[in-house]
Each structure stands twice: as structure tokens, then as C-alpha cells.
Amino acid sequence: MNKVFYRPVLKQDLNKVFALLQQLTKIDYSKRNIDDCWHSFNTNKSSNSIVATVKDEIIAYGSVVIESKIRGEKAGHIEDIVVNKVYRQKGVGENLIKELIKIGKEKGCYR
């Protein structure tokens, strides 16, 4: 398998990420406005999402949501992990989660 790169999700990734997420849950996106989706997503500072790419093809997606706890700590919740069927069982998902854990630690999450 070619080298896998992990990076933050970009607006131009949305259609590919939507298609990838269809492997988790089938949702009708036909009536959604991409600009509205991106604005809503991008202004939510608690969500930190990344994609995995191989040769500029998005092959995985995941996010860590940062929650401020009542005692002042921050907790990270990893969500929406999906790896394209073609790339499963190759360590992509495991490495995606490791990257999300790194983000949580950088943001000060205690768990």
C-alpha cells in the first residue's frame, strides 16, 4: 500500500467525506447545501476532524470532539471513524485514531 497521510478536513473534501460516511450510515444529502454544511461544521470549534489520504484520494475520516467538563478539564470523544472498504485491515483506522488522540492531547484533554 502507498504512503498514507493524515491532515485536517478541508471544504473541498466534503463530497468525498459524505460519500465515505455513507459506508457507516445511509443519509440523503441531495438537499443539503455544501456551503451551509461547511459553515456550520467549521464554526464548531469543539470538533476536530481529519482525513487519511493516499495519492490525494480520501480513504478515511474521523473526528475528536472536545468537551469542556464542569470542573474545568477537557475530554475528547472520538467519533465517526470510517475507512474505505478497500483499505480496511491495513492499519489505517488504528493510525487515524492515534492521530486523533494526538490532537486531543495537544488540545489539553485528560482523556
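Here's what I pulled together on the structure shown here. (Residues numbered from 1 in each chain as written. Predicted model: local features only at pLDDT ≥ 70, side-chain atom pairs only at ≥ 80, totals over all residues. Heavy atoms only, no water.)

**Quick word on unusual backbone geometry**
As a rule of thumb, non-glycine residues mostly have phi less than zero, and peptide bonds are mostly trans rather than cis. Here the phi dihedral of Asp80 falls at roughly 55 degrees; this positive angle occurs in a residue that is not glycine. Note on placement: Asp80 falls in strand β4 (residues 74–83). The phi torsion at Gln89 lies on the positive side, around 65 degrees, for a residue other than glycine. One can find Gln89 in the loop between β4 and α3 (92–106). (Helix = DSSP H or I, 4+ residues; strand = E, 2+ residues; numbered from the N terminus.)

**Describing the pattern of salt bridges**
Taken as a whole and judged by the stated rule, the model has 6 salt bridges. The residue Lys69 makes a salt bridge to Glu67 at a minimum N-O spacing of 3.6 Å. Residue Lys69 is classed as partly exposed on the basis of its relative accessible area, which comes to 25%. Residue Glu67 is classed as partly exposed on the basis of its relative accessible area of 29%. (Salt bridge = Lys/Arg side-chain N within 4 Å of Asp/Glu carboxyl O. Buried < 20%, exposed > 50% of the residue type's maximum accessible area, 1.4 Å probe, protein only.)

**Digging into the packing of aromatic side chains**
What the rule picks out here adds up to 1 aromatic pair. Considering the side-chain rings of Trp38 and Phe41, the 5.7 Å spacing of their centres and the 45 degrees angle between planes classify their relative orientation as tilted. Of this pair, Trp38 and Phe41 both sit in helix α2 (residues 34–42), separated by 3 residues, roughly a single helical turn. Judged by relative accessible area, Phe41 falls into the partly exposed class, the value being 26%. In this structure, Lys3 is placed above the aromatic ring of Phe5, and the distance from its NZ or CZ to the ring centre is 5.7 Å. (Phe/Tyr/Trp six-rings, centres within 6.5 Å; stacked < 30°, edge-to-face > 60°. Lys NZ or Arg CZ within 6 Å of the ring centre and 35° of its normal.)

Interpretation in functional terms is not warranted from these geometric data alone.
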